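# An overview of the molecular structure
Below, each chain spelled out in residue letters.
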Amino acid sequence: MRYHVLHIKTEFAEEWQKDVFDQELCELGVDTIAGLEPEQAGCAAYYIPTELWEQNETALRSYIDDSEGASLVSVEACEDRNWNEVWEAEHPVQELPLGVKIVPHCAFGAGHHETTSMMIEALLQTELTGQKVLDNGCGTGVLGIFATKRGAKSVIAIDIDDKSVQNTLENAALNGMEIDARLGDLSSLPFGKGLEEGSFDLILANIHRNILLAQMPLYARVLKKGGEVWMSGFYETDIPALQEAAEKEGLTLIEVRENGEWRWMRCRREERI
């Protein structure tokens, strides 16, 4: 596969702003982010398949130009190489608790970002034996893998990015387990084959605030009575809107945790509507 590399200089006031910036670029097609040499401090190399660069160039340039704290320094076509081998050489397997191993192929999801680590911490504290789990926006599959390690009977992992679905399958195999990974959005995936109303004990949703708000009715629809949805990927100021949306669907706020600028919420399905 041929790639282009975008050299981008970033000077964000807060670390979380860089995280959000990187995630948005990944959603536009970037699949690898690497640092540059010390003399190019402040710059990073963003690798994107040439086909996606050609499709999304206008949107990428516009997003970078409109982002305060980021500037596009240069764009180059990369030499044709086996980029899977390059990635594996530069990004060794991540070793996490419970013997979980992850090879990350996207900006978030290796287990170290604050939003992901709060999810993992909660999973490490929770017994899931026999439960059915939905990992909504699975990324690398790390949360579904931890849920399986904690005893989940089955995990359905979904993502709108085909690279994330493939990465989830690869990481599940790396950990000697099977996860049902599906490409699509919760609002568009057909029901059936394990994805039914009132079928999940736990939903893990480590995604953007606006997606959480939009999909709250769906979370309530697929949760069992007494089931829970754990959400992360938002800030303190987002909690009132999320709580209001949850309560409208019969989901009661049980707990809020924090890690730096980021927040995590646990809500329970008290009754069916």
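Figured I'd write up the structure that's included with this text. Owing to the predicted nature of the structure, the values given are computational and were not obtained by experimental measurement. (Residues numbered from 1 in each chain as written. Predicted model: local features only at pLDDT ≥ 70, side-chain atom pairs only at ≥ 80, totals over all residues. Heavy atoms only, no water.)

### Describing the overall build of the protein chain
Which entries qualify depends on this criterion: Helix and strand assignments come from DSSP, with helices taken as H or I runs of at least 4 residues and strands as E runs of at least 2, each series counted from the N terminus. In this scheme, a residue with accessible area under 20% of its type's maximum is buried, one over 50% is exposed, and one in between is partly exposed, where area comes from a 1.4 Å probe on protein chains only. In what follows, residue pairs with any heavy atoms lying within 4.5 Å of each other are defined as contacts.
The helix and strand inventory of the protein chain stands at 8 helices and 13 strands. Across the 273 residues that make up the protein chain, the buried fraction comes to 49%. In the protein chain, the proportion of contacts linking residues at least 24 apart, taken out of those at least 6 apart, comes to 66%.

### Overview of the packing of helix 1 (residues 15–27) against helix 2 (residues 50–66)
The cut-off we apply is this: Fitted lines through C-alpha atoms give the axes, limited to the stretch in contact for helices. The angle between two N-to-C directions lies from 0 to 180 degrees. Angle categories are assigned with fixed cut-offs, so that under 35 degrees is roughly parallel, over 145 is roughly antiparallel, 65 to 115 is roughly perpendicular, and the rest are oblique. When residue character is reported, Ala, Val, Leu, Ile, Met, Phe, Trp, Tyr, Cys and Pro are called nonpolar, Asp, Glu, Lys and Arg charged, and the others, Gly included, polar.
One way to put it is that helix 1 packs onto helix 2 with a least axis distance of 11 Å and a crossing angle of 170°. Relative to helix 2, the element helix 1 is oriented roughly antiparallel. Residues Val20, Phe21, Glu24 and Leu25 of helix 1 touch helix 2, and the partners they reach there are Leu60, Tyr63 and Ile64. Of the residues in the contact of helix 1 with helix 2, the class split is 6 nonpolar, no polar and 1 charged.

### Points about unusual backbone geometry
In this structure, Leu98 takes a positive phi of about 65° despite not being glycine. The residue Leu98 is located in the loop between strand 5 (94–95) and strand 6 (101–102) in this model. Since its relative accessible area comes to 41%, Leu98 is described here as partly exposed. A positive phi angle is found at Lys193, which is not glycine, with a value near 55°. Among the secondary structure elements, Lys193 is positioned in the loop between strand 9 (180–183) and strand 10 (200–206).

### A closer look at the sheet that holds strand 9
Our working definition: Two strands qualify as a pair provided DSSP detects at least 2 bridges between them.
The 7 strands are arranged 9-8-7-10-11-13-12 in an open sheet whose pairing can be described as mixed. Both edges of this open sheet fall to strand 9 and strand 12 (251–259), since each of them pairs with a single strand only. Sheet twist, expressed as the average angle between the axes of neighbouring strands with direction ignored, equals 15°. Direction of pairing for strand 8 (residues 154–159) relative to strand 9: parallel, over a ladder of 4 bridges. Of the residues in strand 9, the one forming a bridge with Ile156 is Asp180.

### Remarks on the nonpolar core
Formally: What makes a nonpolar core is a set of buried Ala, Val, Leu, Ile, Met, Phe, Trp, Tyr and Cys residues whose side-chain atoms join them at distances within 4.5 Å.
Formed by 28 residues in total, the largest nonpolar core has its most connected members in Leu123, Val133, Leu204 and Trp230. When contributions to this core are tallied by element, the ones reaching two or more residues are helix 4 (114–124), helix 5 (142–149), strand 8, strand 10, strand 11 (223–235) and strand 13 (262–269). Sequence-distant contacts of Leu123, defined by excluding residues within four places in its chain, comprise Leu128, Leu143, Phe146, Ala147, Arg150, Leu202, Leu204 and Trp230. One finds Ile207, Leu212, Val229 and Met231 within the second-largest nonpolar core, a separate group that totals 27 residues.

### A closer look at the pattern of salt bridges
Spelled out, the test is: Take a side-chain nitrogen of Lys or Arg and a carboxyl oxygen of Asp or Glu: if they are within 4 Å of each other, that pair is a salt bridge.
Here the structure, examined in full by the defined rule, presents 15 salt bridges. Glu57 is the salt-bridge partner of Arg61, the closest N and O atoms lying 2.9 Å from each other. Taken together, the positions of Arg61 and Glu57, both in helix 2 and 4 residues apart, correspond to about one turn of that helix. Residue Arg61 is classed as partly exposed on the basis of its relative accessible area of 34%. For the salt bridge of Lys224 with Asp201, the shortest nitrogen-to-oxygen distance reads 3.5 Å. Highlighted residues: Lys224 in strand 11 and Asp201 in strand 10, separated in sequence by 23 residues. A single network of salt bridges, built from pairs that share partners, joins Glu121, Glu228, Glu255, Arg257, Arg266 and Arg268.

Everything listed here is a matter of coordinates, which is why it stays silent on function.
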